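An overview of the molecular structure
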Amino acid sequence: MKVPTQPWTILYKLNKETIPAAHYFLKEWKIKASEIPNQELREQALDSLTKKYFHCEGGSAFGLLAGQRQNQVIQFMVAYQTICDYLDNLCDQSESLDPNDFRTLHNALDDALTPGAELKNYYYYREGQEDGGYLHSLIETCQNTLRTFPGFPMAQEDMRELSSYYQDLQVYKHVKKEEREPLLKEWYKKHEDVMPDLTWYEFSSATASTLGVYTLAGYAARGEGTPWLFSNIKNAYFPAVQGLHILLDYFIDQEEDHADDELNFINYYGNEDEMVHRMHFFMDKVKTSIERLPDQKFHQLIYQGVIAIYLTDNKVQLNKEMKETAKQIVRFGGLSSRFFYVNSWVFRRIK
């Protein structure tokens with residue numbers, strides 16, 4: 001199967017192939033989650049599957065890179081994303097704010113990307129631990145699917161690197177409120193020499209996305225490429241594509257996060273003009289970075305589709321000021337972004 005390179009082709013395949021596949025695997029995990037013995041763990045697992053399923057719908061697009069292994073990539077992606085969303089819920093709801101707890105929980109993600117890794121008690125620092133094997137099953141599904149991808153040995157190091165950034169962020173963003181910003185700034189200093197054109201909060205935003213992991217999985221499943229190619233894919237998606245992805249996510253959640261007193265990296269921009277300017281900066285970086293990738297047109301459509309997904313959200317469309325800002329961002333995103341934006345009644349189904 002050829003990788004689609006037209007917006008209407010991607011829309012068709014998403015709605016007819018990849019999203020239904022994601023729903024199939026999500027349904028299986030919902031059944032398993034409903035059988036978790038511990039009430040708190042069961043509630044958080046079901047909540048993540050019910051309220052964050054659109055992450056898997058959007059992530060299913062990367063199955064289109066995998067040819068005949070499309071469904072296997074989606075199976076991996078759903079399991080990995082379900083781990084991310086479940087653990088995020090557990091950290092959000094934690095009363096202890098213990099970084100050791102958050103680190104131990106997120107070790108599950110590294111083991112998920114390491115076939116043969118010994119499964120551990122990831123709830124070690126928690127009172128409630130009986131999940132009926134739910135988290136272990138998710139990890140094993142990731143491990144078992146990755147074993148079947150011919151290119152995984154070449155992609156594994158880059159996938160684990162991106163995952164390690166995500167894990168670090170989940171630890172630092174969930175600690176006590178007064179400790180978050182100092183820890184995130186100190187963390188950024190360790191990487192500032194290779195990303196000097198980013199601020200600490202833009203770097204943090206870029207680490208919060210899983211898009212790079214799924215892109216690497218798609219190519220690993222295809223079995224084509226070299227270690228150089230996988231490294232190039234990682235560098236194209238991180239920090240440019242992933243940074244744009246999460247900044248848009250924070251953009252639409254501004255009011256909600258303010259009401260809940262949640263950390264939102266968009267708030268660190270001095271004003272709206274600066275925010276829009278930096279969005280354009282990230283878009284320029286994306287355009288440059290994906291020029292070096294195979295299936296360039298596909299990656300271009302993915303990033304333009306991401307813009308449309310977020311900026312057609314009701315949180316934006318029902319807010320007059322945000323809607324005007326969104327139009328500025330969409331115009332800079334290019335013709336396909338405007339296509340997806342104008343046809344939002346179709347594209348909204350992806351989310």
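Preceding block: the structure.
A few points on the structure. (Residues numbered from 1 in each chain as written. Predicted model: local features only at pLDDT ≥ 70, side-chain atom pairs only at ≥ 80, totals over all residues. Heavy atoms only, no water.)

**Section: the overall build of the chain**
Put simply, the rule reads: Numbering of helices and strands runs from the N terminus, with a helix taken as a DSSP run of H or I at least four residues long and a strand as a DSSP run of E at least two residues long. Using C-alpha atoms as the atom set, the radius of gyration is obtained and then compared with a globule rule of 2.2 Å times the number of residues to the power 0.38. Buried, partly exposed and exposed residues are distinguished by accessible area as a fraction of the type maximum, computed with a 1.4 Å probe on protein chains only: under 20%, between the cut-offs, and over 50%, respectively. Note on definitions: a residue-residue contact is assigned when non-hydrogen atoms from the two residues lie within 4.5 Å. A 1.4 Å probe and the Shrake-Rupley method give the accessible areas. Residues count as covered only by the protein chains that appear here. A positive count includes Lys and Arg, and a negative count includes Asp and Glu. His and the chain ends are not counted in either. Taken as the charge centre is NZ of Lys, CZ of Arg, CG of Asp or CD of Glu, depending on the residue.
What the chain contains, in helices and strands, is 18 helices and zero strands. Its C-alpha atoms give the chain a radius of gyration of 19 Å, within 12% of the compact-globule value 20 Å for 351 residues. Projecting the C-alpha coordinates of the chain onto the three principal axes gives extents of approximately 50 × 50 × 40 Å. Taken over 351 residues, the chain has a buried fraction of 57%. For the chain, long-range pairs separated by at least 24 residues make up 75% of all intrachain contacts whose partners lie at least 6 apart in sequence. Of the roughly 15,300 Å² of accessible surface on the chain, 48% is carried by carbon and sulfur atoms. For the chain, the separation between the mean place of its 38 positive charges and that of its 50 negative charges on side chains is 7 Å.

**Quick look at the packing of helix 8 (residues 177-189) against helix 9 (residues 200-207)**
We apply this condition: Note on geometry: axes are lines fitted to C-alpha atoms, helical ones only across the stretch in contact, with angles between N-to-C directions running from 0 to 180 degrees. With respect to orientation, any angle under 35 degrees is reported as roughly parallel, any angle over 145 as roughly antiparallel, any angle of 65 to 115 as roughly perpendicular, and every other angle as oblique. Only Asp, Glu, Lys and Arg are considered charged, only Ala, Val, Leu, Ile, Met, Phe, Trp, Tyr, Cys and Pro nonpolar, and every remaining residue, Gly among them, polar.
Direction vectors running N to C along helix 8 and helix 9 enclose 85°, while the axes themselves pass 9 Å from each other. By the angle between their axes, helix 8 is roughly perpendicular relative to helix 9. Contact residues: E181, L184, K185, W187 and Y188 in helix 8; W200, F203, S204 and T207 in helix 9. Looking at the contact of helix 8 with helix 9 residue by residue, the classes come out as five nonpolar, two polar and two charged.

**So, the packing of aromatic side chains**
Definition in use: In this analysis, rings of Phe, Tyr and Trp, with Trp reduced to its six-membered ring, are considered paired at centre separations within 6.5 Å, and the interplanar angle assigns stacked below 30 degrees, edge-to-face beyond 60, and tilted for intermediate values.
The final tally for this structure, using the stated rule, is 23 aromatic pairs. For the ring pair Y86 and Y134, a centre distance of 5.4 Å and an interplane angle of 85° mean the geometry is edge-to-face. One end of the pair, Y86, is in helix 4 (residues 70-92); the other, Y134, is in helix 6 (residues 134-147), and 48 residues separate them in sequence. You can call Y134 buried: its relative accessible area is 2%.

**Remarks on the nonpolar core**
Nonpolar side chains in soluble globular proteins tend to be buried together. This is how it is decided: As used in this record, nonpolar core signifies buried Ala, Val, Leu, Ile, Met, Phe, Trp, Tyr and Cys residues forming a set joined through side-chain atoms within 4.5 Å.
Counting 117 residues, the largest nonpolar core has F76, Y80, I83, L135 and M159 as the members making the most contacts within it. Setting aside anything within four residues of it in sequence, one finds Y80 in contact with L109, A112, L113, C142, S163, T210, V213 and Y214.

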